[in-house]
Amino acid sequence: MRSLVYDNEFRAKARRTQGWGLGLFTIAALLWVWFGVLLLTPYEDADGGGSPCPALLTSDYVHDKECVESRDWPGMLALLGGSVPFAVVGGALYTSGSVSHRMAEHLAEVTRLDRTSV
């Protein structure tokens, strides 16, 4: 009976690991969405007194020198780069939890089949 308790704890730990992975994926996705919003929405130039600058992904943006210089590109790239560790660690945790859970199911099925064949 002790093995059943251990198996249940092992599966619960695998599900928690999957949950952490999904949580970190969610953080990475939110950072990507934030980056997308910054690319797709108009903004004001640095001095705040001029007309709003068009979104970064429009053709109007390329021809406006003041808007090109006023956009905070390092901040946007830091936002995108900051999402990478969350995505990588989230992927590793989710994969680890999924493999652990699947291996526990496989071992339980092999054990069940061994008992019925004897």
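Parameters and conventions
For every chain, the first residue of its written sequence is number 1, and the numbers climb from 1 along that sequence. A pLDDT threshold of at least 70 governs which residues receive local features in this predicted model, and a stricter bar of 80 or more applies before side-chain atom pairs are shown or counted, although totals over entire chains, interfaces and linings include all residues. Calculated side-chain values reflect all of the structure's heavy atoms, with hydrogen atoms and water omitted. A residue's pLDDT is the confidence the predictor assigns to it, expressed on a 0 to 100 scale. Helix and strand labels come from DSSP, where a helix needs a run of H or I of at least four residues and a strand needs a run of E of at least two; each type is numbered from the N terminus. To estimate how far a helix should reach, multiply one less than its number of residues by 1.5 Å. We call a residue buried when its accessible area falls under 20% of the maximum for its residue type, exposed when it is over 50%, and partly exposed in between, using a 1.4 Å probe and counting protein chains only. In what follows, residue pairs with any heavy atoms lying within 4.5 Å of each other are defined as contacts. Throughout, nonpolar core names a set of buried Ala, Val, Leu, Ile, Met, Phe, Trp, Tyr and Cys residues whose side chains join them through atoms within 4.5 Å. Each patch is built from residues lacking any salt bridge and having more than 30% relative accessible area; the joining distance is 9 Å for like charges and 5 Å for nonpolar side chains (Val, Leu, Ile, Met, Phe, Trp, Tyr). Here the open area of atoms and residues is found with the Shrake-Rupley method and a 1.4 Å probe, where only the protein chains shown may cover a residue. Salt bridge, as used here: a side-chain nitrogen of Lys or Arg that lies within 4 Å of a carboxyl oxygen of Asp or Glu. Every angle, taken between N-to-C directions, lies between 0 and 180 degrees, and every axis is a line fitted to C-alpha atoms, over only the stretch in contact when it is a helix. Working definition: roughly parallel below 35 degrees, roughly antiparallel above 145 degrees, roughly perpendicular at 65 to 115 degrees, and oblique for all remaining angles. Working rule for handedness: look at the near helix, and if it is turned counterclockwise from the far one by less than a right angle, call the crossing left-handed; if clockwise, right-handed. The residue classification treats Ala, Val, Leu, Ile, Met, Phe, Trp, Tyr, Cys and Pro as nonpolar and Asp, Glu, Lys and Arg as charged. All others, Gly included, are polar.

K.L.:
Mind laying out the confidence of the model for the protein chain, listing which residues take part and the relevant values?
P.N.:
Mean pLDDT over the protein chain: 84, with 82% of residues reaching 70 or higher. Mean pLDDT across the secondary structure elements of the protein chain bottoms out at helix α2 (residues 59–62), with 60, and peaks at helix α1 (residues 2–40), with 91.

K.L.:
Any details on helix α4 (residues 73–117)? Residues and values, ideally.
P.N.:
With 45 residues, α4 should cover 66 Å at 1.5 Å per step; its first-to-last C-alpha distance of 65 Å lies within 8% of that length. Considered for burial, the residues of α4 that qualify are M76, L79, S83, A87, G90, G91, G97, H101 and A104. Buried positions along α4 lie against α1.

K.L.:
Outline the side chain of Q18, listing residues and values.
P.N.:
Mapped onto the fold, Q18 is located in helix α1. Once residues lying within four places of it in the same chain are set aside, the contact partners of Q18 are L93, Y94, G97 and S98.

K.L.:
Hey, could you go over the nonpolar core for me, with residue numbers and the actual values?
P.N.:
Residues L31, F35, L39, Y43, C53, L56, C67, M76 and L79 constitute the largest nonpolar core, which totals 9 residues. Those elements giving two or more residues to this core turn out to be α1 and α4. The element best represented in this core is α1, accounting for 3 residues.

K.L.:
So what's going on with a nonpolar patch on the surface? Which residues, and what values?
P.N.:
A cluster of nonpolar side chains, namely L22, F25 and Y94, defines an oily patch on the protein surface of about 250 Å² accessible area. Its place among the elements puts L22 in helix α1.

K.L.:
An account of the packing of α1 against α4 is requested, with residue identities and associated values reported.
P.N.:
Running from N to C, α1 and α4 cross one another at 155°; their axes reach a closest spacing of 7 Å. The orientation of α1 relative to α4 falls into the category roughly antiparallel. Here α1 and α4 pass one another in a crossing that is left-handed. The class makeup of the residues in the contact of α1 with α4 is 25 nonpolar, 12 polar and 4 charged.

K.L.:
Describe in detail the side chain of H101, supporting the description with residues and values.
P.N.:
Here H101 is to be found in helix α4. The exposure class assigned to H101 is buried, which follows from its relative accessible area of 16%. Every residue in contact with H101, bar those within four places of it in the chain, is listed here: R11, A14 and R15.

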